[in-house]
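Residue strings, one per chain:
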Amino acid sequence: MTTLLYSGYYDMDKAKEPFEVDPNFFYLTSCDIPNILILKKGRKHYVHMKVPDIQWYDSEYFMKALKHCFNADMVGIDDIVRLCKSSGITKTLDNIKTHPNWSKIRGLSLDMSSISNNLMKKREIKFIDEQLRIEKACRYTSEGIKHILRNAYPKMSQIELTGLFKQSISKHGIQELSFNPITSHGKYNQYLHYIAKDRPVTRGTLVLLDLGCKYKHYCSDISRCFPISGKFTKLQKDIYNVVLKSQKYALTLMKPGKSWSEITHKVKLKLYEECLKIRLVLALDNEKDKISVVQQLMPHNLGHHVGLDNHDCGPILTLKKDMVIAVEPGIYFQIGKDKSPHLNTSVWKQYEHIGGVRIEDTIIITDRGYKNLSKITKEIDGIEKLIKK
Ligand code: GLY
Ligand code: MN
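Residues numbered from 1 in each chain as written. Chains lettered and ligands numbered in written order. Predicted model: local features only at pLDDT ≥ 70, side-chain atom pairs only at ≥ 80, totals over all residues. Heavy atoms only, no water.

Enquirer: Can you help me understand the environment of Gly-88 in this one?
Expert: Within the secondary structure, Gly-88 is located in the loop between helix H4 (77-85) and strand E5 (90-92). On the basis of relative accessibility, which here comes to 42%, the residue Gly-88 falls in the partly exposed class. Spatially, the C-alpha atoms of Gly-88 and Leu-251 are 49 Å apart, while their sequence positions differ by 163 residues. (Helix = DSSP H or I, 4+ residues; strand = E, 2+ residues; numbered from the N terminus. Buried < 20%, exposed > 50% of the residue type's maximum accessible area, 1.4 Å probe, protein only.)

Right, here's the structure in full:
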């Protein structure tokens, strides 16, 4: 079998972020060097890398890493093409199209789907060393969130909140993030993938943090909310408790063999019941109506796989031991949308200024249930205690 793998394109002059290796490439090779092609033909390895990259940028590091990963011959791109041509079909990854020499490679008989299709299923179940990396990433992310809670104050900007997180993870030698950090407050919490701006966090508002760093390429994903002024208001507590009770309920359902769509359905009904207690939704008999009004309040999935990608391996189907999952219910007050007839509009208006609440933990599915990797409280008392007075 002939396999041609590409770590990914990285322009060392122009890039502004650290290099992010292709997840499937890393999974198969444990190598995270940019701009490298690895050809495996039978038992022999060949490596192609742009020469200037080796000469201009820390060649010592690259050569040592390469030697460590593979006992390979360094070859030119024409050699790679010739070696592939002589072996029929070459299995590769989709990112091969981004290689600067794609025009030479595209004429080969390439199979771009079978490796990634196989890996999609395989990567759902995490080996112990993958679990340990995610656990460490979660520990550092939890620490980073605590660092924000202890040091944030009203008028500090959303970008400064992000900066506190980066400062905290940098103490562990980390700068890679699982995704663009989300640090929003008040009405901005309604935007699910909000990007922090130079906006001062207004006194009295609720801050939403959705953060994750990577440890040795493995992601973490944790969301917490806290009142910037130190104490939750009555209205903030109401919404926070709806989400907290539903998130805790969701966790009780996390067991091997459970269907994710059934779990999601149950959690949506729980969200509905909790919203009914605060009269945010109308009393309804029909389950379909209950689900549809919750869909408007929580317009995203209950969770996702976490691994080399933050949204790893496609949708969750049935839970299995050693899967790593983010569980993240939320309630949002999204302005400008037609409102469901099942919402209690006057109550909705009272809560609108809160913007949104999301509570998210990253967990591992175990033999009988789950292990929570988030190491930061989500209790109202616990959060208030952590906040700088
Ligand atoms: N926590 C960010 C996301 O899941 O998209
Ligand atoms: Mn998430």
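Enquirer: Quick question: what am I supposed to make of helix H11 (residues 287-297) here?
Expert: One turn of an α-helix holds 3.6 residues; hence residues three or four places apart share an orientation. Those residues of H11 not exposed but buried are Lys-290, Ile-291, Val-293, Val-294 and Leu-297. One side of H11 carries all its buried residues, which in axial view fall inside an arc of 165°. Where H11 is buried, its residues contact helix H10 (260-277), strand E12 (330-332) and helix H12 (345-351). A distance of 2.7 Å separates the backbone nitrogen of Lys-288 from a side-chain oxygen at the start of H11, and that oxygen is part of Asn-286. (Arc of directions from axis to C-beta. Contact = heavy atoms within 4.5 Å. Polar contact = N/O pair within 3.5 Å; in protein donor to acceptor, adjacent residues only side chain to side chain.)

Enquirer: Which parts of the structure should I look at to understand the coordination of the manganese ion (ligand 2)?
Expert: Around the manganese ion (ligand 2), the donor atoms from the protein are Asp-221 (OD), His-304 (NE2), Glu-328 (OE) and Glu-360 (OE), and they sit 2.1 to 2.5 Å away. One chain supplies every donor for the manganese ion (ligand 2), spaced along it as D-x82-H-x23-E-x31-E. Of the two residues, His-304 sits in strand E10 (residues 303-305) while Glu-360 sits in the loop between strand E13 (356-358) and strand E14 (361-365), which places them 56 residues apart along the sequence. Grouping residues by exposure puts His-304 and Glu-360 together as buried. (Donors = N, O, S within 2.8 Å, 3.2 Å for Na, K, Ca; no water.)

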